[in-house]
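# Understanding the architecture of this molecule
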Amino acid sequence: MEAYSDFARVYDTFMDATPYEEWCEFLVSLLKKEGITDGLLLDMGCGTGTLTELLEQAGYDMIAIDNSMDMLQVAMEKQRGKKKDSILYLLQDMREFELYGTVRAVISICDSVNYLLDKEELSKTFGLVNNYLDPDGIFLFDFNTVYKYKEVIGEAVIAENREECSFIWENYYDDETHMNEYDLTIFVKEGTLYRKFNETHYQRGYTLLEVKEALQEAGLIFLEAFDGETHKQPHEKSERIYVMAKEQGKGMERT
């Protein structure tokens, strides 16, 4: 089953405790540090568009892509009733995305890159990012680490029960491939009954070294990395890591 299909309708409900505002504030601070205070940005793997809208409110012009039509429909519904549809949402796979021109920065948050399941996909996607960045443009993204999948959520079962919807989230981690399988069982209230549906998602954990290698292969310059919680230097028990990289020219020979 396609990931984020039926789940899209309840995604924002279960993500209501996600600190999107804090994430946006941190990202904007990094962008401003690099002199990017306005202009066109791409949100890659935008989901239901919550972060996209926050970045727009921070003064940026936004393009957003996702490969789930259901998630994009939720994102576009949020724009209804506003004076104008100022965010351009595109149904595109990050591994093959195409833009009309370049952007000042590409943002990809909430472990979207972990859906790239091998190093070749990672390098290919990073190469596209480099291609669509302005000269000296910035790439900001996060990823879940091998440590998180192996030691924190691997083999764990997570459940949440609410009045309108509930879910059971089962994890199965393969230490050899660094792949984590999510089996989601979701119950959504419809009238006096609940409808049950299932989705299966796959993500791969990466190390910071693997990410740096993929950036280099794509022609991007690695600038900094930050622990997802402290925003300080990553460490061996970092569960989520932010990375900032920079465009260094198109068609350059990889070293």
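Further up the page is the structure itself.
Here is what the cut-offs are and how they apply
- Residues numbered from 1 in each chain as written.
- Predicted model: local features only at pLDDT ≥ 70, side-chain atom pairs only at ≥ 80, totals over all residues.
- Heavy atoms only, no water.
- Buried < 20%, exposed > 50% of the residue type's maximum accessible area, 1.4 Å probe, protein only.
- Helix = DSSP H or I, 4+ residues; strand = E, 2+ residues; numbered from the N terminus.
- Arc of directions from axis to C-beta.
- Contact = heavy atoms within 4.5 Å.
- 1 Å grid on protein atoms, 1.4 Å probe; cavity = no way out; pocket = protein on both sides within 12 Å on 5 of 7 lines; lining within 4 Å.
- Points joined across faces, edges and corners; volume = space filled by probe spheres on them.
- Nonpolar A, V, L, I, M, F, W, Y, C, P; charged D, E, K, R; others polar.
- Core = buried A, V, L, I, M, F, W, Y, C linked by side-chain atoms within 4.5 Å.
- Polar contact = N/O pair within 3.5 Å; in protein donor to acceptor, adjacent residues only side chain to side chain.
- Pairing = 2+ DSSP bridges.
- Phe/Tyr/Trp six-rings, centres within 6.5 Å; stacked < 30°, edge-to-face > 60°.
- Axes fitted to C-alpha atoms, helices over the stretch in contact; angles between N-to-C directions.
- Parallel < 35°, antiparallel > 145°, perpendicular 65-115°, else oblique.
- Left-handed = near helix turned anticlockwise from the far one by under 90°.
- Lys, Arg positive; Asp, Glu negative; His and termini not counted.
- Salt bridge = Lys/Arg side-chain N within 4 Å of Asp/Glu carboxyl O.

### Overview of helix α4 (residues 69-77)
Within α4, burial applies to Met71, Leu72, Val74 and Ala75. Seen along its axis, α4 keeps its buried residues to an arc of 155°; they face one direction. Elements that come into contact with the buried residues of α4 comprise α1 (8-14), β2 (61-66) and β3 (88-91).

### Topic: the layout of surface pockets
Size it by volume and the largest pocket reaches roughly 960 Å³. Taken together, 34 residues make up the lining of the largest pocket; nearest its centre are Met15, Asp111, Lys148, Trp169 and Arg240. Within the residue set of the lining of the largest pocket, elements represented by two or more residues are α1, α2 (20-33), α6 (146-153), β6 (157-161), β7 (165-174), β8 (179-190) and β9 (193-204). Examining the composition of the lining of the largest pocket, we find that three residues originate from one element, α6, more than from any other. Residues of the lining of the largest pocket, tallied by class, amount to 16 nonpolar, nine polar and nine charged.

### What to know about the nonpolar core
Grouped burial of nonpolar side chains is what soluble globular proteins tend to show. In terms of nonpolar packing, the biggest core is built from 43 residues, with Leu31, Leu51, Ile107, Ile109, Leu140 and Ile186 touching the most fellow members. Counting residues per element, this core draws most heavily on α2, which supplies eight residues. If we ignore the near neighbours within four places in the chain, the residues touching leucine 51 are Tyr20, Cys24, Leu27, Asp43, Ile107 and Ile109. Counting residues in each nonpolar core, the second largest holds 31 residues, with Leu42, Leu116, Phe139 and Leu215 among its members.

### With respect to the environment of tyrosine 60
With respect to the helices and strands, the residue tyrosine 60 is situated in the loop between α3 (50-57) and β2. Each C-alpha atom, one on tyrosine 60 and one on tyrosine 11, is 25 Å from the other, the two residues being 49 residues apart in sequence. Those residues in contact with tyrosine 60, other than ones at most four positions away along the chain, are Val28, Leu31, Lys32, Ile36, Thr37, Asp38, Gly39, Leu41 and Leu55. From its side chain, tyrosine 60 meets the backbone oxygen of isoleucine 36 in a polar contact 2.7 Å long.

### Quick notes on the pairing of β7
Across five bridges, the pairing between β6 and β7 is antiparallel. Bridging across to β7, valine 157 finds its partner in glutamate 170. Between β6 and β7, which pair antiparallel in sequence order, lie three residues. The turn joining β7 and β8, which pair antiparallel and follow one another in sequence, is formed by four residues; a positive phi near 65° is taken by histidine 178.

### Quick look at the packing of aromatic side chains
Counted according to the given criterion, the structure contains nine aromatic pairs. An angle of 75° between the planes, with centres 4.7 Å apart, marks the rings of phenylalanine 14 and phenylalanine 167 as edge-to-face. Placement of the pair is phenylalanine 14 in helix α1 and phenylalanine 167 in strand β7, with a sequence separation of 153 residues. Phenylalanine 167 carries the same exposure label as phenylalanine 14, and that label is buried.

### Structural notes on the packing of α2 against α3
Running from N to C, α2 and α3 cross one another at 50°; their axes reach a closest spacing of 10 Å. On the basis of their axis angle, the class for α2 and α3 is oblique. Along this stretch, α2 crosses α3, giving a crossing that reads as right-handed. Between α2, through Tyr20, Glu21, Cys24, Leu27 and Val28, and α3, the contact on the second element is made entirely by Thr50, Leu51, Leu54 and Leu55. Looking at the contact of α2 with α3 residue by residue, the class counts come to seven nonpolar, one polar and one charged.

### A closer look at the side chain of aspartate 43
Checked against the element boundaries, aspartate 43 lands in strand β1 (residues 40-44). Buried and unpaired, aspartate 43 has lysine 78 as its nearest opposite-charge partner, separated by 10.0 Å. Within the local environment of aspartate 43, its side chain forms a polar contact with the side chain of threonine 52, the two groups lying 2.6 Å apart. Apart from the residues within four sequence positions on either side, aspartate 43 is in contact with Leu51, Thr52, Met62, Ile63, Ala64, Ile65 and Ile107.

### Re unusual backbone geometry
For histidine 178, which is not glycine, the phi torsion reads 65° and is therefore positive. On the secondary structure map, histidine 178 appears in the loop between β7 and β8.

### Let's talk about the pattern of salt bridges
Where charged atoms from two side chains of opposite charge come close, those side chains can pair. The final tally for this structure, using the stated rule, is 14 salt bridges. Here arginine 240 ties to aspartate 111 by a salt bridge, and the two come within 3.5 Å at their closest N and O atoms. Pair noted here: arginine 240 is in strand β11 (residues 240-247) and aspartate 111 is in the loop between β4 (103-108) and α5 (119-131), with a separation of 129 residues, a long-range link. On the accessibility criterion, aspartate 111 (11% relative accessible area) is buried. Linked through salt bridges whose partners overlap, the residues forming this network are Asp16, Glu160 and Arg162.

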